[in-house]
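# Coordinate inspection notes
Listed below are the residues making up each chain.
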Amino acid sequence: GFNCGIVGLPNVGKSTLFNALTRSGIDAENFPFCTIEPNTGIVPMPDPRLDKLAELVKPEKVVPNTMEFVDIAGLVEGASKGEGLGNQFLANIRETDAIAHVVRCFDDDNVIHVANQVDPTADIETINLELALADLDAVERGIQRLVRIVKGGDKDAIATKAILDKIQPHLAEGQPLRSFGLDADEQRQIRSYGFLTLKPTMYIANVNEDGFENNPHLDTVRAIAAAENAVVVPVCNKLEAEIAELEDEERAMFLEEMGMTEPGLDRVIRAGFGLLGLQTYFTAGVKEVRAWTVRIGATAPQAAGVIHTDFEKGFIRAEVVGYEDFVALGGENGAKEAGKWRLEGKTYVVQDGDVMHFRFNV
Ligand code: GDP
């Protein structure tokens, strides 16, 4: 599965968001460092298409795809030098596929701010600087280690060191690797370093209930994100935590009262999905209707491999019906009669929403 680390300064609302996402009810207290151990929650991906397919097929079981969220201990200034929970924080975040950076965009005198004022620009810079310095540290250690190997003429080491030498000054200026412009080959060459500032990142602007409009803090985050080509998701984490506590029926009523079409969390989860370049295909059997996660651009055998590696190895063909056709034509039989049921081979590139069935050799 794929995971997304939730980071941000202490007291910006990370635990509140994480709790709402997982409804796990871990403590969110008005106290920096209250989230010490990384907490992991597996969150179902909201997808109305899955409900629609289940209505049609009436399976015994319905399984959504999921995204893992990791609540990472609060970062403070100096973390890259090992202050606070710095080293632990950085090790945890290195393991994640993407980063959700929570930024405080709400005023509340009852909630202490670590720097004593709500200032999204300074907060974002603090976090980004620590991440860049952590990457710089990894680069410098890497260069030191490679110097000797390069002398032996190892081609791979030479290529890696050339890239590390090139990016070192950029990081030393506190700039993220995202903005360096490494090409795909270069990124592959240094992948094993797990650089933090290369990870796909979104900003979660944590606003008050009435802070979605006319909120200068939110405007600031939007401007910063636009300059970095990053995504912003405005959410009121406190409200989301309340919504998450409600039973389904109550929740629907509450959302309607608030004029919301869906919980804000659904936008967070979908944004995480988009950030990672992921899409969904479905299997729709009478036993189980299920959503599966696959990278955009994946071929049919790769999609089969998500279910089981044997499906990929022994792949023969995929039976495919597009989601819209499947629903409009009342399922597989209807799709067959209308000529919308296709057999696809090894080079077929999966489309978002495809309803698939794989044929394979064992
Ligand atoms: P963390 O240290 O980043 O994990 O922050 P927490 O999630 O523990 O939140 C710190 C405090 O801020 C708690 O008292 C929360 O109830 C409060 N809080 C979180 N989100 C909001 C929000 O959107 N509005 C307001 N007013 N308070 C919030």
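Just so you know, these numbers come straight off a predicted model, no measurement behind them.

## A look at the nonpolar core
Counting 81 residues, the largest nonpolar core has Ile6, Val103, Met202, Tyr203, Ile204, Ala205 and Ala303 as its most contacted members. No other element matches the 8 residues that helix H4 (residues 120-151) contributes to this core. A domain-level breakdown of this core finds at least three residues from each of domain 1 (3-274) and domain 2 (297-360). Aside from chain neighbours lying at most four places away, what touches Met202 is Ala100, Ala230, Val231, Val233, Ala271 and Leu275.

## Quick look at the sheet that holds strand S6 (residues 201-206)
The pairing of strands in a sheet comes from backbone hydrogen bonds and takes either a parallel or an antiparallel form. Pairing is mixed in the open sheet, where 6 strands are placed in the order S2-S4-S1-S5-S6-S7. With partners counted over all chains shown, the strands left at the sheet margins are strand S2 (39-44) and strand S7 (231-235), one partner each. Taken over all neighbouring pairs, the strand axes of this sheet differ in orientation by 25° on average, direction set aside. Sheet analysis places strand S1 (residues 3-7) next to strand S4 (residues 66-71), joined by 4 bridges and oriented parallel. Within the sheet, the bridge partner assigned to Asn3 lies in S4 and is Glu68.

## Quick look at the domain arrangement of the chain
In terms of domain boundaries, the chain breaks down into domain 1 (3-274) and domain 2 (297-360). Taken over C-alpha atoms, the centre of domain 1 sits 33 Å from the centre of domain 2. On the side of domain 2, 5 residues touch domain 1, which itself brings 4 residues to the contact. Here the side of domain 1 that touches domain 2 is built from residues that sort into 2 nonpolar, no polar and 2 charged.

## Quick look at the packing of H4 against helix H7 (residues 216-228)
In contact at an axis separation of 9 Å, H4 and H7 are set at 40° when each is read in the N-to-C sense. In terms of their interaxial angle, H4 and H7 are classed as oblique. Note on element contacts: H7 touches H4 through His217, Thr220, Val221 and Ile224, opposite Pro120, Thr121 and Ile124. Across the contact of H4 with H7, the residue classes tally to 4 nonpolar, 3 polar and no charged.

## Here's the deal with helix H5 (residues 155-172)
Three or four residues apart is the spacing at which side chains of an α-helix point the same way, because the helix has 3.6 residues per turn. Relative to the 26 Å expected for 18 residues at 1.5 Å per residue, H5 spans 26 Å between its end C-alpha atoms, a close match to the ideal helical length. Remark: the principal bend of H5, roughly 25°, maps to Lys166, with a proline, Pro169, within the next four residues. Within the sequence span of H5, burial applies to Thr160, Leu164, Ile167, His170 and Leu171. Those residues of H5 that are buried lie in contact with H4 and helix H6 (184-189).

## Brief notes about the environment of Lys346
One can find Lys346 in the loop between strand S11 (342-344) and strand S12 (355-360). In this structure Lys346 comes out as exposed when scored by C-beta crowding, with 12 C-beta atoms within 10 Å. C-alpha of Lys346 to C-alpha of Ile243: the two residues are 103 residues apart in sequence and 44 Å apart in space. Sequence-distant contacts of Lys346, that is, excluding residues within four places in its chain, are made with Thr299, Ala300, Pro301 and Phe315.

## Section: the environment of Val57
Relative to the helices and strands, Val57 resides in helix H2 (residues 48-57). Val57 sits 255 residues away from Glu312 along the chain, and the two C-alpha atoms are 26 Å apart. Not counting chain neighbours up to four residues away, the residues in contact with Val57 comprise Ala284, Val286, Val289 and Gly331.

## Here we look at the pairing of strand S10 (residues 315-321)
Relative to S12, S10 runs antiparallel, the two sharing 6 bridges. For Val320, the partnering residue across the bridge sits in S12 and is Met356. Judged from the 3 bridges that link them, S10 and S11 form a sheet pairing that is antiparallel. Across the sheet, Glu319 pairs through a bridge with Leu343, a residue of S11.

## Observations concerning the environment of Val321
Within the secondary structure, Val321 sits in strand S10. Val321 sits in the buried class, given 25 other C-beta atoms within 10 Å. For the pair Val321 and Arg295, spaced 26 residues apart in sequence, the C-alpha to C-alpha distance is 19 Å. Residues in contact with Val321, not counting those within four places in the same chain, are Phe326, Glu332, Ala335, Lys340, Trp341 and Val355.

## Remarks on the UniProt feature "domain: TGS" (unreviewed entry) in the chain
Here, UniProt's "domain: TGS" (unreviewed entry) annotation points to residues 277-360. Here residues 277-360 runs as 30% helix and 37% strand, with 27 Å between its end C-alpha atoms.

## Observations concerning helix H10 (residues 264-275)
Here H10 is 12 residues long and its end C-alpha atoms lie 17 Å apart, about the 16 Å a rise of 1.5 Å per residue gives. Gly264, Leu265, Val268, Ile269, Ala271, Gly272, Phe273 and Leu275 are the residues of H10 that are buried. Positive phi appears at Gly277, one or two residues downstream of H10, with a value of about 65°.

## Some remarks on the packing of H4 against H5
Running from N to C, H4 and H5 point in directions that differ by 150°, and their axes come no closer than 9 Å. As for the relative orientation of H4 and H5, their crossing is left-handed in sense. Contact residues: Ala132, Asp135, Leu136, Val139, Gly142, Ile143, Leu146, Ile149 and Val150 in H4; Ala157, Ile158, Thr160, Lys161, Leu164, Asp165, Ile167, Gln168, Leu171 and Ala172 in H5. Counted by class, the contact of H4 with H5 contains 13 nonpolar, 3 polar and 3 charged residues.

Definitions and cut-offs
- Residues numbered from 1 in each chain as written.
- Predicted model: local features only at pLDDT ≥ 70, side-chain atom pairs only at ≥ 80, totals over all residues.
- Core = buried A, V, L, I, M, F, W, Y, C linked by C-beta atoms within 7 Å.
- Buried ≥ 20, exposed ≤ 12 C-beta atoms within 10 Å, placed from the backbone.
- Helix = DSSP H or I, 4+ residues; strand = E, 2+ residues; numbered from the N terminus.
- Domains from an automatic or database assignment.
- Contact = placed C-beta atoms within 7 Å.
- Pairing = 2+ DSSP bridges.
- Axes fitted to C-alpha atoms, helices over the stretch in contact; angles between N-to-C directions.
- Nonpolar A, V, L, I, M, F, W, Y, C, P; charged D, E, K, R; others polar.
- Parallel < 35°, antiparallel > 145°, perpendicular 65-115°, else oblique.
- Expected span 1.5 Å × (residues − 1).
- Bend = angle between axes of the 7 residues up to and from the residue.
- UniProt positions renumbered as here; feature names shortened; annotations may be inferred.
- Left-handed = near helix turned anticlockwise from the far one by under 90°.

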